[in-house]
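# Tertiary structure, described
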Amino acid sequence: MECDGAVRSLLVVRGSSQGLELSLDQEYITFGAVVLKSQATRRIVLSNSGELGARFQWDIKKFQPEFSISPVSGYITAGSEVTFDVTFHPRETRTDIHYENLPCLIEGNKTLTLTLFGSCVELQSTKEVVNFQCQVRSTQTQTIHLSNKTNEIWNLHPIIDGEHWRGPEVITVEPTSRANPMRSPTTHWS
C-alpha cells in the first residue's frame, strides 16, 4: 500500500505446486538390420523428475507384429526411473520397417510417444560347411568353434531344421577379450 509517499506491505502471497514430469531418454530407436527369425533388444528409460507418481500403459497392439515392449504397464514413483526392453522380431524380409508415434498413456491425460526403425535381412550363407557321415541308426557329433570379437556377451538361439538334428537351444559366447585366449568357445552338434 502506498500512502503519502510511504509504501507498506500488507500481505505476502506464497505458493507451491506439485507436478508430473515424465520423459523418455530416447524417442527414436534404430535397430539396424536383423536376420529373419531372430530378434534384437534395446533399452529405453522413463524418468520421473516431478513430485507425483503416475500409472503408465503402452498401447501394445500398435507395436505388433514386429515389435514388443516390456513392461507394458506399471507405476512410476516421483524421482524414479523405469527401464523398458523394446524387442524387434521381424516376420518378413523388408528394408524399411518403421512404426511411428507409438503411444504410452500416462495417468492425467499425458501421452509420450516412441518411434521405432529397423530392417529385416535373410541369413547370410555360412562360410564353413560341416559334413556328417554316419551309419543308419547311429549318431555323429561334431564341434563348431564360435568366435565373438565384440565387447558384449552373445546369447544365440540357433534355428535347427529337420527332425534328425539336435543341438543346444541357447549358446552363450563370451567376448574374445574375456575368454581364455588358449580356449575357444565351442558348441557340439549331432
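Residues numbered from 1 in each chain as written. Predicted model: local features only at pLDDT ≥ 70, side-chain atom pairs only at ≥ 80, totals over all residues. Heavy atoms only, no water.

Named according to an unreviewed UniProt entry, the chain is CFAP65 fourth Ig-like domain-containing protein originating from Staurois parvus.

Strand order in the open sheet formed by 5 strands is β4-β11-β10-β6-β8, and the pairing between neighbours is mixed. The open sheet terminates on both sides in strands that have one partner only, identified here as β4 (28–35) and β8 (73–76). On average, adjacent strands in this sheet sit at an angle of 25° to one another, irrespective of strand direction. Both β4 and strand β11 (residues 110–121) contribute to a ladder of 6 bridges, which runs parallel. Bridge pairing links Y28 to T115 in β11. (Pairing = 2+ DSSP bridges. Helix = DSSP H or I, 4+ residues; strand = E, 2+ residues; numbered from the N terminus. Axes fitted to C-alpha atoms, helices over the stretch in contact; angles between N-to-C directions.)

Scored by pLDDT, the chain has a mean of 84; 90% of the residues are at 70 or more. The element-level mean pLDDT for the chain is lowest in strand β15 (residues 186–189), coming to 52, with strand β9 (residues 81–88) highest at 96. Counting interchain partners and residues more than four positions distant, the pLDDT-below-50 stretch residues 178–185 has 8 contacts. (pLDDT = per-residue confidence, 0-100. Contact = heavy atoms within 4.5 Å.)

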